[in-house]
Amino acid sequence: DSGVTQTPKHLITATGQRVTLRCSPRSGDLSVYWYQQSLDQGLQFLIQYYNGEERAKGNILERFSAQQFPDLHSELNLSSLELGDSALYFCASSVAMGEAPQDTQYFGPGTRLTVL
Amino acid sequence: DAKTTQPPSMDCAEGRAANLPCNHSTISGNEYVYWYRQIHSQGPQYIIHGLKNNETNEMASLIITEDRKSSTLILPHATLRDTAVYYCIVRVAYPRAGNNRKLIWGLGTSLAVNP
């Protein structure tokens, strides 16, 4: 158990809908990262937040957005869903900004999103 | 960030050492090598990281060649629970640009530990 929690574990929805994925980082961690993993693909970095502020952005679609709240939990919002958005979505957290070599990322169990 | 090359799959007998290679021939001086593993659709798990010296922890050992162009992750006594996809990632320390903090993931090596 990494200490990172994600809800829900599974989510099934229809095309065109909007969903929200939630992540709670490990106690004391200030950074939250979101990743997408499609079937048989490597993890794709989406976005990083540090202490409420966006720090880095990857291949995140405009239909997707995220935020980190004052209690440091984060939400990833996915809208106008398409079949291709079906994937595993992982959240990770690290103590600081993730720059120092020892500031490793610890991953949650993921949310499996299925768009029908 | 430098790219890595790993064999797509490997087999290992239970109880034997598993040696997983990684090629990172374009690695630069301030880039670290990280290893993670992912057990069947679970969240990736951090294993170990290093710069140029060999490293060991309770999970594994990391051997980095002197020229730093390749490395090997060693699981000394593989068990069935070590069956997973193992990812080798290189990343610069203290990156100037924000996006360089991200980890770039390849497809990894699928390790099958057989009884």
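Structure: see above.
Residues numbered from 1 in each chain as written. Chains lettered and ligands numbered in written order. Predicted model: local features only at pLDDT ≥ 70, side-chain atom pairs only at ≥ 80, totals over all residues. Heavy atoms only, no water.

(A) Structural view of the overall build of chain B. Along chain B, the regular secondary structure elements total 0 helices and 9 strands. The order of helices and strands in chain B, counted from the N terminus, is β-β-β-β-β-β-β-β-β. The 115 residues of chain B split such that 43% are buried. Pairs at least 24 residues apart make up 59% of the contacts formed inside chain B by residues separated by at least 6 positions. A total accessible area of about 5,900 Å² is found for chain B, and carbon and sulfur atoms account for 50% of it. (Helix = DSSP H or I, 4+ residues; strand = E, 2+ residues; numbered from the N terminus. Buried < 20%, exposed > 50% of the residue type's maximum accessible area, 1.4 Å probe, protein only. Contact = heavy atoms within 4.5 Å. Areas by Shrake-Rupley, 256 points an atom, 1.4 Å probe, with all protein chains shown as cover.)

(B) The interface of chain A and chain B, seen in detail. Contact residues are listed per partner, giving 26 residues for chain A and 23 residues for chain B. Overall, the association of chain A and chain B removes approximately 2,000 Å² of surface from exposure, summing both partners, and the carbon and sulfur fraction of that is 52%. Summed over the shared surface of chain A and chain B, the number is 0 salt bridges. Applying the counting criterion to the chain A and chain B interface returns 3 residue pairs in polar contact (both at pLDDT 80 or more). (Buried area = accessible area lost by both parts, 1.4 Å probe. Salt bridge = Lys/Arg side-chain N within 4 Å of Asp/Glu carboxyl O. Polar contact = N/O pair within 3.5 Å; in protein donor to acceptor, adjacent residues only side chain to side chain.)

(C) Inspection of the sheet that holds strand β1 (residues 5-7) of chain A at higher detail. Residues and elements named next belong to chain A. With antiparallel pairing, the 4 strands of this open sheet are ordered in space as β1-β3-β8-β7. Whereas interior strands pair on both sides, the edge strands pair on one side only; in this sheet they are β1 and β7 (64-68). With direction set aside, neighbouring strand axes in the sheet form an average angle of 15°. (Pairing = 2+ DSSP bridges. Axes fitted to C-alpha atoms, helices over the stretch in contact; angles between N-to-C directions.)

(D) Inspection of the pairing of strand β4 (residues 45-50) of chain B at higher detail. All names here are of chain B. Along β4, 5 of the 6 residues are buried, which leaves the element largely enclosed by surrounding structure. Across 5 bridges, strand β3 (residues 31-38) lies against β4 in antiparallel orientation. Bridge pairing links tyrosine 34 to histidine 49 in β4. Hairpin connection of β3 to β4: 6 residues between the antiparallel strands, including histidine 40 at a positive phi of 25°.

(E) Representation of the packing of aromatic side chains in the model. According to the stated counting rule, one finds 10 aromatic pairs over all chains in the structure shown. Relative to A:Tyr89, the ring of A:Phe64 has its centre 6.5 Å away and its plane inclined at 70°; by these criteria the two rings are edge-to-face. Of this pair, A:Phe64 sits in strand β7 while A:Tyr89 sits in strand β9 (residues 87-94), and the two are 25 residues apart along the sequence. Side by side, A:Phe64 and A:Tyr89 carry an identical accessibility label, which is buried. Ring centres 5.6 Å apart and planes at 90° place the aromatic pair A:Phe107 and B:Trp105 in the edge-to-face group. Of this pair, A:Phe107 sits in strand β10 (residues 106-107) while B:Trp105 is found in the loop between β8 (84-92) and β9 (109-114), placing the two residues in two different chains. For A:Phe107, a relative accessible area of 3% translates into the label buried. Note on B:Trp105: relative accessible area 7%, which makes it buried. Following the ring pairs from residue to residue traces out a cluster consisting of A:Tyr35, A:Phe45, A:Tyr106, A:Phe107, B:Tyr36, B:Tyr46, B:Tyr87 and B:Trp105. Sitting above the plane of the A:Tyr106 ring, A:Arg26 keeps its charged end 4.0 Å from the centroid. (Phe/Tyr/Trp six-rings, centres within 6.5 Å; stacked < 30°, edge-to-face > 60°. Lys NZ or Arg CZ within 6 Å of the ring centre and 35° of its normal.)

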